[in-house]
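Coordinate analysis (summary)
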Protein chains: 2
Amino acid sequence: MGRWPENVQIKEVGPRDGLQNEKARVATADKVHWINMLSESGVKEIEYSSFVHPKWVPALSDAHDVGKRIKRHPNVSYSALVPNMKGLELALETGIDGASVFMSASETHNRKNINKSIDESFPVLQEVIEEAKKAGKHVTGYVSTVFDCPYEGRITPEQVVRVCDKLFAFGVDDVSLGDTIGTAVPSQVEQLLDVVLSRYPQESIIMHFHDTRGMAIANIMTSMEYGITRFDSSIGGLGGCPYAPGAAGNVATNDVLYLLHGLGINTGISERKLQEAALFIQNKLGKTLPSKTLASAASQS
Amino acid sequence: MGRWPENVQIKEVGPRDGLQNEKARVATADKVHWINMLSESGVKEIEYSSFVHPKWVPALSDAHDVGKRIKRHPNVSYSALVPNMKGLELALETGIDGASVFMSASETHNRKNINKSIDESFPVLQEVIEEAKKAGKHVTGYVSTVFDCPYEGRITPEQVVRVCDKLFAFGVDDVSLGDTIGTAVPSQVEQLLDVVLSRYPQESIIMHFHDTRGMAIANIMTSMEYGITRFDSSIGGLGGCPYAPGAAGNVATNDVLYLLHGLGINTGISERKLQEAALFIQNKLGKTLPSKTLASAASQS
């Protein structure tokens, strides 16, 4: 207890994981303005969009435009989600520092999400990962439903490392382990990290929590007790949960910063600038974002 | 890590701390029906109302009626907030198993809240505590703003134990330490409990967290790592924050149960029955309660 890391690195995934789960559309010019605000906040990684086919994620169909128009801050690494070679080509043409590939630790969730079995997904990802590495890009592998699957229930750590082993063998730099439906409690985080950290170095593990049941901050605490120092989060808690309409999605960057800075951990991110960016997108979406820290700060300012 | 208590006891404070911060009024008959639902949920302590003068807490002006009409479950301890001898008399006449007195660890918050300095408050509380003990009642001392005060900022553990020492000397059975404005992070909980638990037994300490910035679940985890097994919470997260309109108040009992049961800790409370009671009061208030677990469960059922 009380032994927190000195520095923690946040990847802001609001423009991708957040917006893809929001019903309201945001104009491209507003996205660009907003991502530029995020770039000025001190955050060092931003996932700016997804090159998944627009049929699947219409909210991000302007990925190419967004990527071309955002102002690239020299201290920020910009990444995008790429599902296949076509997506990677578009992302490379648009401009990325990093490519994120994705699959699920759950067979059924993987099939529902990308229409392939886990084994059928591997060769596709292998090609994308190798090509992205050849292009000199950082590659992150998102592994979803690492704790629970909405179709299969509990997922074992062994199912998770089976997928991670392959992704690392294909050449990813790191993996981001996702509590996609936000069901995990800290004991599940411990069980997974016991297995994962006996196998891979801490620096190669990113934790990606959704706050669907309000457990994300506690899960981040537990992860830090295991030495994890990299987390994905979404500004304002942007993005709902596709499996529970009205429920919260990604953990809010604002709440994560409140925790980290309160514990004396350095992130390099300005809470004030992040709050301004959250209020900007909240206004564009015309709905109150779920971050409690944001609601609290906004009502007092 | 991972060494959680076997049992945790929750005091449901929604009917008092929750409702007193809600703008909408709930009819007495609805309160009675709702408290009866809570009594059937397995919860062992319910604070059913406050005998503070109705001028200060108009939402609870029917405390006497509520107390007379609720069905007393043999396994539940019913308590009420009492500010002074007049309040205690009314509470005793109405029927209580326990009386809760209250004051603040912050001089300014105490003055703003009860129009007296801390030292002026002591004799009033002493008389109430002694009288309640003479009547054979359990007495809890609420100490508010134990981490931060909206007027004074940071409160030291020494300020907190100064108040607790007096309350224990007057005869309270336990104290409930309140993060009244929901600003604490786990390192503050550690700092306070380091001092508090070097002085008083664990069983006499209740932690009372507000979730204004989404830190409450993490703070409960940290408290449990210190051996604390008693927490106050409010069904659905009922009750706002008077210092930040629109922001969250008490930690939601539903979220606490999700955490505790997920960790394998026994509470004796049925999540389903608690959810039904939360949906009942949500409907009466005509607003969505902040509990994420409730939102998630409600959207799926």
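Now for a quick tour of the structure. (Residues numbered from 1 in each chain as written. Chains lettered and ligands numbered in written order. Predicted model: local features only at pLDDT ≥ 70, side-chain atom pairs only at ≥ 80, totals over all residues. Heavy atoms only, no water.)

A word on the packing of aromatic side chains. Going through the model one piece at a time under the given rule, you end up with eight aromatic pairs over all chains. Their ring planes at 15 degrees and their centres at 6.3 Å tell us that A:Phe147 and A:Phe209 sit as a pair that is stacked. Placement of A:Phe147 in the loop between strand S5 (138–144) and strand S6 (148–149) and of A:Phe209 in strand S9 (residues 205–209) is noted, with a sequence separation of 62 residues between them. As far as the burial class goes, A:Phe147 and A:Phe209 line up, both buried. The side chain of A:Lys112 reaches across the aromatic face of A:Tyr151, ending 4.9 Å from its centre. Its end group placed over the ring of B:Phe122, B:Lys166 keeps NZ or CZ at 5.4 Å from the ring centre. (Phe/Tyr/Trp six-rings, centres within 6.5 Å; stacked < 30°, edge-to-face > 60°. Helix = DSSP H or I, 4+ residues; strand = E, 2+ residues; numbered from the N terminus. Buried < 20%, exposed > 50% of the residue type's maximum accessible area, 1.4 Å probe, protein only. Lys NZ or Arg CZ within 6 Å of the ring centre and 35° of its normal.)

What follows covers the environment of A:Gly178. For A:Gly178, the position within the fold is in strand S8 (residues 174–179). The contacts of A:Gly178, once residues within four sequence positions are left out, are A:Val143, A:Ser144, A:Thr145, A:Val146 and A:His208. (Contact = heavy atoms within 4.5 Å.)

A few words now on the sheet that holds S5(A). Residue and element names in this part refer to chain A. Here we have eight strands rolled up into a closed barrel, ordered S1-S2-S3-S4-S5-S8-S9-S10, and parallel in their pairing. The sheet shows a mean angle of 25 degrees between the axes of neighbouring strands, direction not considered. For strand S3 (residues 77–81) and strand S4 (residues 98–104), the ladder comprises three bridges, and the chain directions are parallel. Following the sheet pairing, Leu81 is matched in S4 by Ser100. Strands S4 and S5 of the sheet are contacted by helix H5 (residues 107–114), whose axis makes an angle of about 125 degrees with S4. (Pairing = 2+ DSSP bridges. Axes fitted to C-alpha atoms, helices over the stretch in contact; angles between N-to-C directions.)

The subject of this paragraph is the pattern of salt bridges. Any two side chains of opposite charge can pair if their charged atoms end up close together. Taken as a whole and judged by the stated rule, the model has 34 salt bridges over all chains. One salt bridge in this structure joins B:Asp119 and B:Arg162, with 2.6 Å as the shortest N-O distance. Here B:Asp119, found in helix H6 (residues 118–134), pairs with B:Arg162, found in helix H7 (residues 157–170); they are 43 residues apart in sequence, far enough to count as distant. Here B:Asp119 falls in the partly exposed class, since its relative accessible area comes to 48%. Within the structure, one salt-bridge network assembled from shared partners comprises A:Lys11, A:Arg16, A:Asp17 and A:Glu47. (Salt bridge = Lys/Arg side-chain N within 4 Å of Asp/Glu carboxyl O.)

On to the relation of the copies chain A and chain B. The two copies are related by a screw motion: chain A maps onto chain B through a turn of 180 degrees and a shift of 0.0 Å along the axis, at an RMSD of 0.0 Å. A rotation of that kind, with that shift, is consistent with a two-fold axis. No C-alpha of chain A lies nearer the rotation axis than that of A:Ala218, which sits 2.1 Å from it. Interface overlap between copies: 100% of the residues of chain A at the interface are likewise at the interface in chain B, consistent with a symmetric, same-surface contact. (Least-squares fit on C-alpha atoms with pLDDT ≥ 70 in both.)

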